[in-house]
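Chain residues, written in single-letter form:
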Amino acid sequence: MSVNSKDDFLDHRKEQAHKHYALGDPNDPMTSILTVEVNTTELCNRTCVFCPRHDPEVFPNRNLHMTPKGAAVIAEQLGSIRYRGKISLSGFGENLLNPDFRRIVSTFKQRLPKAIVECNTNGDRLTQTVIEELFQRHLDYLYINLYDGPEQIEHFESMINPKYRDRVKFRAHYNQEDYGLFINNRSGTIDWLNIEEEDIESLQGKRCHYPFYKMFVDWNGDVLFCSNDWGREHVVGNLLQQDIRDVWLGKTMRNIRKRLAEGNRTESPCNKCSVNGTMFGEESFNILQKYESSNNR
């Protein structure tokens, strides 16, 4: 196996997006949810320079975890809209530090068999047994982020059963100039990456698709308006207490989308964010714009 380049990974994501929209009903506004990103834990064992956890005063570790019971409620909410998209177990922490993580994988997959369930990990807690169990619990993809160097590949390859190798992807995050991902300032919580103020200002007037296509669910069921809102400035609802339609199509999200559709990034934290925001989600943008237009007649 080899490292999946940033372009390879983008192609993988684009293929997933194409399949999602092809299967969905463009007249159903809930089809706009391409990805549900789930933060299963507030713990991480690393302090990467491109992450707010690099400075514990900015983003400290907290021993807080999603429970299988909470995951079941969230899965039921997604099931109520016949969700078939991607459930990205990623968020703000290291998934394998949640003691119930493997049960959470099972919970989502059992209740949403047609959804794609993925796990991001730094790999530090991976063993052959853990990998085997994750796939036995019907995890679809395992993304291993390589933070130390390409020599990690051989270490991880030795753990992976050959029948699962096409479902494991390595992402190179050790290159200080690239990291294998698009670096951003996490809505202004990072100020040590030399992202220029001019770069942020240049985005003013440009729309952002994130709140149109991605739902971010925190460990306690809270829904943030954007997965880049590491400061948790806008909690727009809670899937343990509210119907998913009321959260996704509620007044708060609609107002945020209206601003961003017009390229208005003057509200916090958008006014501090360095994310372009238009790489994905144009189809979702169009679905929700059509929905809003038909409801405002």
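Everything below is about the structure shown above.
What counts and how
Residues numbered from 1 in each chain as written. Predicted model: local features only at pLDDT ≥ 70, side-chain atom pairs only at ≥ 80, totals over all residues. Heavy atoms only, no water. Salt bridge = Lys/Arg side-chain N within 4 Å of Asp/Glu carboxyl O. Helix = DSSP H or I, 4+ residues; strand = E, 2+ residues; numbered from the N terminus. Buried < 20%, exposed > 50% of the residue type's maximum accessible area, 1.4 Å probe, protein only. Pairing = 2+ DSSP bridges. Core = buried A, V, L, I, M, F, W, Y, C linked by side-chain atoms within 4.5 Å. Contact = heavy atoms within 4.5 Å. 1 Å grid on protein atoms, 1.4 Å probe; cavity = no way out; pocket = protein on both sides within 12 Å on 5 of 7 lines; lining within 4 Å. Points joined across faces, edges and corners; volume = space filled by probe spheres on them. Nonpolar A, V, L, I, M, F, W, Y, C, P; charged D, E, K, R; others polar. Phe/Tyr/Trp six-rings, centres within 6.5 Å; stacked < 30°, edge-to-face > 60°. Lys NZ or Arg CZ within 6 Å of the ring centre and 35° of its normal.

Chemist: Honestly, the pattern of salt bridges in this entry has me stumped. Any pointers?
Modeler: Pairing between side chains of opposite charge can happen when their charged atoms approach one another. Applying the stated rule across the entire model yields 17 salt bridges. When the shortest N-O distance is used, the salt bridge between Glu133 and Arg102 registers 3.4 Å. Within this pair, whereas Glu133 is found in helix H4 (residues 128–136), its partner Arg102 is found in helix H3 (residues 101–111), the two being separated by 31 residues in sequence. Of the charged contacts, one joins Lys272 and Glu233 as a salt bridge, the two residues approaching to 2.8 Å between their closest N and O atoms. You can see Lys272 sitting in the loop between helix H9 (251–261) and helix H10 (282–295) and its partner Glu233 sitting in the loop between strand S8 (222–224) and strand S9 (235–238), a full 39 residues away along the chain. Members of the salt-bridge network, linked through shared partners, are Glu42, Arg53, Arg62, Asp218 and Arg232.

Chemist: Is there a simple way to think about the pairing of strand S7 (residues 214–217) in this case?
Modeler: Both faces of the sheet carry side chains from a regular strand, because those side chains alternate between them. What you see with S7 is no split at all: Lys214 and Phe216 on one side and Met215 and Val217 on the other are buried throughout. The pairing of strand S2 (residues 35–38) with S7 spans 4 bridges and is classified as parallel. For Glu37, the partnering residue across the bridge sits in S7 and is Phe216. Relative to S8, S7 runs antiparallel, the two sharing 2 bridges. Bridged to Phe216 within S8 is Leu224. Linking two consecutive strands that pair antiparallel, namely S7 and S8, is a turn of 4 residues; a positive phi of about 90° is found at Gly221 within it.

Chemist: Before we go on, may I ask you to explain the nonpolar core in this structure?
Modeler: What tends to happen in soluble globular proteins is that the nonpolar side chains get buried as a cluster. Among the nonpolar cores identified, the biggest contains 67 residues, and Ile33, Ile87, Phe108, Leu126, Leu142 and Met215 are the most heavily contacted of them. When near neighbours in sequence (up to four residues on either side) are disregarded, Met215 contacts Ile33, Thr35, Val36, Glu37, Val223, Leu239, Ile244 and Trp248. One finds Phe59, Tyr147, Leu224 and Trp230 within the second-largest nonpolar core, a separate group that totals 11 residues.

Chemist: So what exactly am I meant to see when it comes to empty space enclosed by the protein here?
Modeler: A water-sized probe rolled over the atoms picks out the places where empty space is left. This structure, assessed with the given rule, holds 1 cavity of 30 Å³ or more. When its volume is computed, the largest cavity comes out at roughly 120 Å³. The wall of the largest cavity is formed by 13 residues, among which Cys208, Phe225, Cys226, Cys270 and Cys273 lie closest to the centre. Across the lining of the largest cavity, the residue classes tally to 9 nonpolar, 2 polar and 2 charged.

Chemist: I keep staring at the packing of aromatic side chains and nothing clicks. Help me out?
Modeler: Aromatic rings in a pair are described by how distant their centres are and how their planes are angled relative to each other. Counted by the stated rule, this structure contains 11 aromatic pairs. Ring geometry for Phe135 versus Tyr164: centroids 4.6 Å apart, planes at 20°, classification stacked. Here Phe135, found in helix H4, pairs with Tyr164, found in the loop between helix H5 (152–157) and strand S6 (168–172); they are 29 residues apart in sequence, far enough to count as distant. For the residue pair Phe135 and Tyr164, the accessibility class agrees, reading buried in each case. Residues Tyr141 and Tyr143 carry aromatic rings whose centres are separated by 6.1 Å and whose planes lie at 15° to one another, so their mutual orientation is stacked. Taking relative accessible area as the criterion, Tyr141 reaches 23% and is therefore assigned partly exposed. Through a chain of ring-to-ring contacts, three or more aromatic side chains come together here, namely Phe59, Phe92, Phe216 and Trp230. The residue whose ring lies beneath Arg207 is Phe285, and the NZ or CZ to ring-centre distance is 3.9 Å. Over the face of the ring belonging to Phe212 we find Arg257, whose NZ or CZ atom lies 6.0 Å from the ring centre.

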